[in-house]
Amino acid sequence: MSDIDYAAENKHDKENTGRLLKQTKIVGMDFIKMHQDAIADGALSKKEKELMALSISIVIHCEGCINSHLSAAKDAGATIEEVVEAVDVAIMMNGGPAIVYGGKALEAAEQYYGVDLK
């Protein structure tokens, strides 16, 4: 497993977001509202949407997004097998770069799920 504490990084990122929202006010809060509306259960479940967001996060190379959406997917009931398949989809859509960032996602997943994927 990694020396990185992904839960601590996620907490730190959320604290930074709070700081940002205090400064950006309406703009930041509008984004948060849009995020909440987009990720809410609908025709697709919140879990499915978080797994989609995880795949997209890998493709766009956003480590904070990977961590945040991985944590949220787990909280929404995603299994480690579903996370691995979401990584597979990112690799299919993005190729080599998704191999690197998908590895980062699985490294974080090892911590969140308490498993060893090696």
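Preceding block: the structure.
Bear in mind the structure is a predicted one, so any value in this text is a computation, not a measurement.

## Re the overall build of the protein
Each helix and strand in the protein was counted, giving six helices and zero strands. When the helices and strands of the protein are read in sequence order from the N terminus, they spell out α-α-α-α-α-α. Here the C-alpha radius of gyration of the protein, 14 Å, is about what a compact globule of 118 residues would show, namely 13 Å. C-alpha extents for the protein along the principal axes are approximately 45 × 35 × 25 Å. By the burial criterion, 31% of the 118 residues in the protein qualify as buried. Residue pairs in contact within the protein that sit at least 24 positions apart in sequence constitute 67% of those at least 6 positions apart.

## Observations regarding the packing of aromatic side chains
The final tally for this structure, using the stated rule, is zero aromatic pairs. Just above the ring of Tyr-113 sits the side chain of Lys-74; from NZ or CZ to the centre is 5.3 Å. Over the aromatic face of Tyr-101 sits the side chain of Lys-104, whose NZ or CZ is 5.9 Å from the ring centroid.

## Structural notes on the pattern of salt bridges
Using the criterion set out here, one finds four salt bridges in the structure. The partner of Lys-33 in a salt bridge is Asp-37, and the shortest N-O contact between them spans 2.8 Å. On the criterion of helical spacing, the pair formed by Lys-33 and Asp-37 is a turn pair, its members being four residues apart in helix α2 (residues 26-39).

## Some remarks on the state of the cysteines
Inspection of the entire model under this criterion finds one disulfide. The partner cysteine of Cys-62 in its disulfide is Cys-65, sulfur to sulfur 2.4 Å. Across the S-S bond linking Cys-62 and Cys-65, the dihedral sits near 65°, which makes this disulfide right-handed. By relative accessible area, which is 24% here, Cys-62 ends up partly exposed.

## Concerning helix α5 (residues 80-94)
With 15 residues, α5 extends 21 Å between its outermost C-alpha atoms, agreeing within 8% with the 21 Å of an ideal straight helix rising 1.5 Å per residue. Those residues of α5 that sit buried are Ile-80, Val-83, Ala-86, Val-87 and Ala-90. For α5, the angular spread of buried residues about the axis comes to 115°, placing them on one side. For α5, the exposed residues lying more than 90 degrees away from the buried face are Glu-81, Glu-85 and Met-92. Of the surrounding secondary structure, the elements contacted by the buried residues of α5 are α3 (46-59), α4 (63-75) and α6 (96-113). Phi turns positive one or two residues past the end of α5, at Gly-95, with a value near 65°.

Cut-offs and rules
Residues numbered from 1 in each chain as written. Predicted model: local features only at pLDDT ≥ 70, side-chain atom pairs only at ≥ 80, totals over all residues. Heavy atoms only, no water. Helix = DSSP H or I, 4+ residues; strand = E, 2+ residues; numbered from the N terminus. Rg over C-alpha atoms; globule rule 2.2 N^0.38 Å. Buried < 20%, exposed > 50% of the residue type's maximum accessible area, 1.4 Å probe, protein only. Contact = heavy atoms within 4.5 Å. Phe/Tyr/Trp six-rings, centres within 6.5 Å; stacked < 30°, edge-to-face > 60°. Lys NZ or Arg CZ within 6 Å of the ring centre and 35° of its normal. Salt bridge = Lys/Arg side-chain N within 4 Å of Asp/Glu carboxyl O. Disulfide = S-S within 2.5 Å. Expected span 1.5 Å × (residues − 1). Arc of directions from axis to C-beta.

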